[in-house]
Amino acid sequence: MKKITLLTSTAAMLAVLSVPALAQTERATGATAVGVTQIDDRITDIEDAVRDDFDRSADSDRFGPADRRTGLFGTMSLSYTGRTGNTENQDLAIAGRVNYNQGQFAQSVGVSIEYGENDDGDRDTEETQAIYDAQYYFNDQLYGFALGSLKVDGLVDGTNRPDDLRRDGFLGFGPGYRIINTQDTAWRVQAGVGIRYQQTGAAFAGDEGSVTETGYIASSRLYHRFNDMVFLTNDTDYLGSSDANDRITNELGVNFRVSDQLATRVSYRTEYVENRDTRTDNRLGVAVVYGF
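All values derive from a computational prediction rather than experimental measurement.

Trainee: Whenever I open this one, the overall build of the protein confuses me. Can you help?
Mentor: Per the secondary structure count, the protein includes four helices and 12 strands. When each of the 292 residues of the protein is scored for burial, the buried share is 34%. Surface summary for the protein: the accessible area is close to 17,100 Å², and the carbon and sulfur share equals 54%.

Listed below in C-alpha cells is the structure:
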C-alpha cells in the first residue's frame with residue numbers, strides 16, 4: 001500500500017489541482033438568450049478534455065486490483081435532441097458501462113449507440129460500439145487479460161463508402177507481467193493472440209469476402225517519477241494480423257506540477273497504420289491547468 005500511495009502522489013496532486021480550475025460557474029438569468037450558455041458549454045467541453053488528458057496519464061490499472069471498488073456497479077446515459085424550424089433533424093445517443101470486481105478478478109463491459117437523421121430525414125449516423133476488458137491477477141506481478149472491441153457503422157454498404165469498414169472487431173487473450181514496480185518506476189507489458197474480424201462495405205454487399213483471421217496484440221505501459229514535481233509516461237500498443245492493416249501507436253507524455261496552482265502535460269503521439277497513403281500520423285498535445 002505504501003508503494004501505491006507514493007506512486008500515485010503526483011497524479012493525485014494534478015487531479016486535486018484541476019478541481020478549482022474546472023469548476024463550472026453559475027449562469028446568470030437570461031444567459032441563454034444572449035449566448036452565454038452556449039459559450040459556457042463550450043468552455044466546459046474544453047476543460048473536460050484537459051481533465052481527461054491528465055486522468056489518462058494516471059493509469060488506473062498501474063497497480064492492479066489493490067484499491068479497486070468491489071462488487072457490481074456501472075453507469076447508463078441517454079441523450080436525445082430533436083430539432084424543428086429552420087432545421088429538421090434528430091440525434092440519439094445511448095451509452096453504458098458495467099463493472100464487476102471481486103478479489104483477483106476485474107472485468108467491465110461498455111456499449112455505445114449513436115443514431116442521427118439529417119434535414120432530409122435520411123440517416124447520417126448509425127454507429128454501435130462495444131468493449132470488454134478483464135484481468136485476473138495471479139500475484140503482484142503476473143496476470144492474465146482478455147480484451148475485446150466491436151465497431152459497427154450501419155451507413156457503410158456496397159454503394160455508400162464500399163472501401164470503409166462496416167464491422168471491425170477483435171477479441172484476444174494473453175498474459176501480462178509487471179517487470180518493474182518500485183516507488184518511482186512502474187513498467188508492465190502484455191501480449192496475446194485472438195480473433196480479428198473486418199468487413200468492408202463491399203463485403204457486406206457480397207462483392208468481396210470479409211476477413212476473419214488470427215490477430216496479435218502487444219502493449220507496454222511505463223511510468224517514471226523523477227521527483228514530486230515531474231513524472232513521465234510512455235504507452236505503446238500494437239495490433240497486427242496477416243491480411244488486415246497493422247496498427248502501432250505510441251504516446252510519450254511528461255507531466256509537470258509547476259506550482260501549487262499550475263500543472264502542465266506535454267504529450268507526443270505517433271500512430272502508424274499499414275497500407276494507407278500516409279502511414280504515420282503525429283500529434284503534439286499540451287494541456288495546462290491553472291487554479292486560483
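Structure's up, so let's keep going.
Trainee: Help me understand the pattern of salt bridges in this model?
Mentor: Proximity of charged atoms lets side chains of opposite charge pair with each other. Scanning the entire structure with this criterion turns up 13 salt bridges. As a salt-bridge pair, R83 and D91 come within 2.8 Å of each other at their nearest N and O atoms. Across the salt bridge formed by D153 and R161, the nearest N and O atoms sit 2.8 Å from each other. A residue is classified by how much of its surface remains accessible, and R161, at 34% relative accessible area, is partly exposed. One continuous salt-bridge network, built from bridges that share partners, spans E251, R265, R269 and R283.

Trainee: Any chance you could explain the packing of aromatic side chains here in plain terms?
Mentor: Between two aromatic rings, the relevant description is the distance of the centres plus the angle of the planes. Scanning the model with the defined rule gives four aromatic pairs in all. Between F105 and Y136, the ring centres sit 6.5 Å apart and the planes meet at 45 degrees, which makes this aromatic pair tilted. Pair noted here: F105 is in strand β3 (residues 105-117) and Y136 is in strand β4 (residues 123-137), with a separation of 31 residues, a long-range link. Put simply, the rings of F105, Y136 and F138 touch in pairs and so form one group of aromatic residues.

Trainee: Please explain the pairing of strand β11 (residues 262-273) as it appears in this structure.
Mentor: The side chains of a regular strand alternate, residue by residue, between the two faces of the sheet. Where strand β10 (residues 247-257) and β11 come together, 11 bridges link them in antiparallel fashion. Within β11, the position partnered with T249 by the bridge is E271. The sheet contact formed by β11 and strand β12 (residues 280-290) spans 11 bridges and is antiparallel. Looking at β12, one finds that T270 is bridged to N282. As consecutive antiparallel partners, β11 and β12 are separated by six residues, and within that stretch N275 has a phi angle of approximately 65 degrees, a positive value.

Trainee: Hey, could you run me through the sheet that holds β12 in this one?
Mentor: To summarise the sheet geometry, strands pair through backbone hydrogen bonds and adopt either a parallel or an antiparallel arrangement. Here we have 12 strands laid out as an open sheet, ordered β1-β2-β3-β4-β5-β6-β7-β8-β9-β10-β11-β12, and antiparallel in their pairing. The strands lining the two open edges of the sheet, one partner per strand, are β1 (71-83) and β12. The sheet shows a mean angle of 10 degrees between the axes of neighbouring strands, taken without regard to direction.

Trainee: Help me out: how do you make sense of unusual backbone geometry in this one?
Mentor: Across the chain, the bulk of peptide bonds are trans and the bulk of non-glycine residues have phi less than zero. In this structure, R161 is a non-glycine residue whose phi angle is positive, near 55 degrees. Relative to the helices and strands, R161 is located in the loop between β5 (142-153) and β6 (165-181). Located in the positive-phi region is N275, a residue other than glycine, with phi close to 65 degrees. Examined against the element boundaries, N275 turns out to sit in the loop between β11 and β12.

Trainee: Help me out: how do you make sense of the side chain of D246 in this one?
Mentor: As for its placement among the helices and strands, D246 is situated in the loop between β9 (230-241) and β10. For the buried D246, no salt bridge exists, and the shortest N-O distance to an oppositely charged side chain is 4.7 Å, to R196. Sequence-distant contacts of D246, that is, excluding residues within four places in its chain, are made with Y238, L239, G240, S241, Y272, V273 and E274.

Trainee: What should I look at first to understand the nonpolar core in this one?
Mentor: Here is a general trend for soluble globular proteins: nonpolar side chains tend to be buried in one another's company. Core analysis: the biggest nonpolar cluster contains six residues, these being Y137, Y143, F145, F170, I217 and L239. Aside from chain neighbours lying at most four places away, what touches L239 is F170, R196, Y216, N245, D246 and R247.

Trainee: I tried to follow the confidence of the model for the protein on my own but got confused; where do I start?
Mentor: On average, residues of the protein score 85 in pLDDT, and 86% of them are at 70 or above. Ranking the elements of the protein by mean pLDDT puts helix α1 (residues 2-7) last with 39 and β5 first with 96. Within the model, pLDDT remains below 50 along residues 1-14, and this stretch shows 33 contacts once partners closer than five positions in the same chain are excluded. Taken as a whole, residues 18-23 scores under 50 in pLDDT and shows eight contacts with residues more than four places along the chain or in a different chain.

Trainee: Can you help me understand the environment of A202 in this one?
Mentor: With respect to the element layout, A202 can be found in helix α4 (residues 201-204). Sequence-distant contacts of A202, that is, excluding residues within four places in its chain, are made with D157, G158, P162, D207 and E208.

Trainee: Could you clarify how one ought to interpret the side chain of N101 in this entry?
Mentor: Along the chain, N101 turns up in strand β2 (residues 89-102). For N101, a relative accessible area of 9% corresponds to the buried category.

What counts as what
- Residues numbered from 1 in each chain as written.
- Predicted model: local features only at pLDDT ≥ 70, side-chain atom pairs only at ≥ 80, totals over all residues.
- Heavy atoms only, no water.
- Helix = DSSP H or I, 4+ residues; strand = E, 2+ residues; numbered from the N terminus.
- Buried < 20%, exposed > 50% of the residue type's maximum accessible area, 1.4 Å probe, protein only.
- Areas by Shrake-Rupley, 256 points an atom, 1.4 Å probe, with all protein chains shown as cover.
- Salt bridge = Lys/Arg side-chain N within 4 Å of Asp/Glu carboxyl O.
- Phe/Tyr/Trp six-rings, centres within 6.5 Å; stacked < 30°, edge-to-face > 60°.
- Pairing = 2+ DSSP bridges.
- Axes fitted to C-alpha atoms, helices over the stretch in contact; angles between N-to-C directions.
- Lys, Arg positive; Asp, Glu negative; His and termini not counted.
- Contact = heavy atoms within 4.5 Å.
- Core = buried A, V, L, I, M, F, W, Y, C linked by side-chain atoms within 4.5 Å.
- pLDDT = per-residue confidence, 0-100.

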